[in-house]
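# Chains, contacts and geometry: an overview
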Amino acid sequence: MALRKTNLKTKTQVSTPELRVAEVPKKPLTKPYNDIDLNNWKDYSHIKTDTLWEFPNRDKSNGHSYDYHGNYIPQIAQQLYERFTKKGDIVLDMFFGSGTSGIEAVNMQRRCIGVELKQELVDYVSQKFDAKTLVTDVNIICGDSASSDIGYKIQDRLEVMGREKAQFLMLHPPYDDIIKFSDKKEDLSNCATTEEFYDLFEEVARNGYEKLEKGRFAALIIGDKYAKGQYIPLSFGCMERMNRAGFITKAIIVKDIQGNEKAKGKQANLWRYRALYGGFYIFKHEYVMVFQKP
Ligand SMILES: C[S@@+](CC[C@H](N)C(=O)[O-])C[C@H]1O[C@@H](n2cnc3c(N)ncnc32)[C@H](O)[C@@H]1O
């Protein structure tokens, strides 16, 4: 409006209303938690807004590889970071594994703090980043994410990186005991019962909640399991624990896992026989659940 008035000096200087609108750069219309300019919302057709995610193949470019059994496909981070973080923001990943969250943070000019229980994995993943990046952009902590002192260690790294809190929380826990990640008693894949798994997961969720900025988002990537002839909905069990920790649920996304699996070949037939025999169905999906800290 102000620009229009100053331009209206003489009749000859007045351009057509259409031209004047085109000349005035529009102020970006963004949410406080991302860089998406909603004035140009039609330019973001690559960003998913529905609850069924299918990726035909795992992205193995830009530093990513399938070098760790149980790593998530990078496209999940790409979708979530663009939707729920701004450039320079810090993603806190409490189950860092082979570092997918950190690699994608660097690729997308975000930063990351990762917590991982296994020292040998921390050493291996550290080699994926150069020395400077390991201070300024990706900080890896070897520790137990469910422990009461992990918060102090995270806080130290946040201070080094110049932020009070993290801006996004990524949680990709073991799916109970489906893959045993180590022999350590603190490892969530080593719990004696699923109830114990939920309890430890809740501790992690609470630690993450504490370190996340208000109004920001968290994602939980998880699949379900069968045990003793029964379906065990780990996803909904963990979702409930996220809610107990204080998060509100924003989305339950069903993700097709066929693109991230290695070819099963002959085993596929075996599983089909088992399914027919046991009266169950073979998993072709997992969940990406999105939460917000109110
Ligand atoms: C599903 S994997 C995460 C994979 C990771 N998102 C990636 O893309 O490489 C779960 C990881 O959690 C780690 N873990 C298990 N219990 C833990 C705990 N109490 N604290 C920290 N990490 C833990 C395991 O060692 C394993 O690497």
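Just above, that's the structure.
In short, a report on the structure. (Residues numbered from 1 in each chain as written. Predicted model: local features only at pLDDT ≥ 70, side-chain atom pairs only at ≥ 80, totals over all residues. Heavy atoms only, no water.)

Moving on, we come to the overall build of the protein chain. Of the regular secondary structure elements, the protein chain holds 10 helices and 10 strands. The principal-axis extent of the C-alpha atoms belonging to the protein chain is close to 85 × 45 × 35 Å. Of all 294 residues assigned to the protein chain, the portion counted as buried reaches 46%. Nonlocal contacts in the protein chain, meaning residues at least 24 apart in sequence, comprise 70% of its contacts between residues at least 6 apart. (Helix = DSSP H or I, 4+ residues; strand = E, 2+ residues; numbered from the N terminus. Buried < 20%, exposed > 50% of the residue type's maximum accessible area, 1.4 Å probe, protein only. Contact = heavy atoms within 4.5 Å.)

This part is about the side chain of D176. If you trace the backbone, D176 turns up in the loop between β5 (166-171) and α8 (194-211). The exposure class assigned to D176 is buried, which follows from its relative accessible area of 1%. At 2.7 Å, the side chain of D176 forms a polar contact with the side chain of T194. The contacts of D176, once residues within four sequence positions are left out, are L188, S189, T194, F197, K225 and L234. (Polar contact = N/O pair within 3.5 Å; in protein donor to acceptor, adjacent residues only side chain to side chain.)

Right, let's get into the site of the ligand. Around the ligand, a shell composed of 25 residues is seen, among which Y68, S98, T100, E116 and D144 lie nearest. A distance of 3.3 Å separates a nitrogen atom of the ligand from a polar backbone atom of L117. One of the side-chain nitrogen or oxygen atoms of D144 is found 2.9 Å away from a nitrogen atom of the ligand. The fraction of the free accessible surface of the ligand (610 Å²) that becomes covered by protein chains is 99%. (Near = heavy atom within 4 Å. Areas by Shrake-Rupley, 256 points an atom, 1.4 Å probe, with all protein chains shown as cover.)

To continue, consider helix α3 (residues 74-84). Among the 11 residues of α3, 8 are classified as buried, and the element is accordingly described as predominantly covered. Within the span of α3, buried status applies to P74, Q75, I76, A77, Q79, L80, Y81 and F84.

On to a nonpolar patch on the surface, then. On the surface, a cluster of nonpolar side chains totalling about 320 Å² of accessible area is made up of L29, L38 and W41. Mapped onto the secondary structure, W41 falls in the loop between α2 (17-23) and β1 (52-53). (Patch = residues over 30% accessible without salt bridge, like charges linked within 9 Å, V, L, I, M, F, W, Y side chains within 5 Å. Salt bridge = Lys/Arg side-chain N within 4 Å of Asp/Glu carboxyl O.)

Here we take up the pattern of salt bridges. All told, the structure shown has 17 salt bridges when counted by the stated rule. R216 is the salt-bridge partner of D89, the closest N and O atoms lying 3.0 Å from each other. Residue D89 is found in the loop between α3 and β2 (90-93), and its partner R216 is found in strand β6 (residues 212-222); the two are separated by 127 residues along the sequence. Judged on exposure class, the residue D89 and its partner R216 are both buried. Salt bridges linked by common partners bring E195, D199, E202, R206, E240, R241 and R244 together as one network.

This model, assessed by the stated rule, comprises 16 aromatic pairs. The interplanar angle of 85 degrees and the centroid separation of 4.8 Å between the aromatic rings of Y209 and F247 together place this pair among those described as edge-to-face. With Y209 in helix α8 and F247 in the loop between α9 (234-245) and β9 (248-256), this pair connects stretches of sequence that are 38 residues apart. Assessed through its relative accessible area of 2%, F247 is described here as buried. Its end group placed over the ring of Y66, R58 keeps NZ or CZ at 4.2 Å from the ring centre. In this arrangement the basic side chain of R274 is found over the ring face of W271, its NZ or CZ atom lying 4.6 Å from the centre. (Phe/Tyr/Trp six-rings, centres within 6.5 Å; stacked < 30°, edge-to-face > 60°. Lys NZ or Arg CZ within 6 Å of the ring centre and 35° of its normal.)

This next bit is on the environment of V290. Counting through the fold element by element, V290 comes out in strand β10 (residues 285-292). Between the alpha carbons of V290 and L169 there is a distance of 9.9 Å; along the sequence they are 121 residues apart. Beyond its immediate sequence surroundings of up to four residues, V290 is in contact with L80, F84, F217, A218, I248, T249, K250, A251 and I253.

The topology assignment puts M239 in helix α9. Judged by relative accessible area, M239 falls into the buried class, the value being 16%. With 37 residues separating them along the chain, M239 and E202 place their C-alpha atoms 9.5 Å apart. When near neighbours in sequence (up to four residues on either side) are disregarded, M239 contacts L220, T249, I252, M289 and F291.

Two residues of an α-helix separated by three or four positions point the same way, owing to the 3.6 residues in each turn. Three or more residues of helix α5 (residues 119-126) are buried, namely L121, V122 and V125. All buried residues of α5 fall inside an arc of 100 degrees around its axis, so they share one side. (Arc of directions from axis to C-beta.)

At their nearest, the axes of α3 and helix α4 (residues 100-107) sit 9 Å apart, and the two run at 50 degrees to each other. It follows from the interaxial angle that α3 and α4 lie oblique. As α3 packs across α4, the resulting crossing turns out to be right-handed. Two secondary-structure elements touch here, α3 through P74, A77, Q78 and Y81 and α4 through T100, S101, E104 and A105. Tallied by class, residues from the contact of α3 with α4 come to 4 nonpolar, 3 polar and 1 charged. (Axes fitted to C-alpha atoms, helices over the stretch in contact; angles between N-to-C directions. Parallel < 35°, antiparallel > 145°, perpendicular 65-115°, else oblique. Left-handed = near helix turned anticlockwise from the far one by under 90°. Nonpolar A, V, L, I, M, F, W, Y, C, P; charged D, E, K, R; others polar.)

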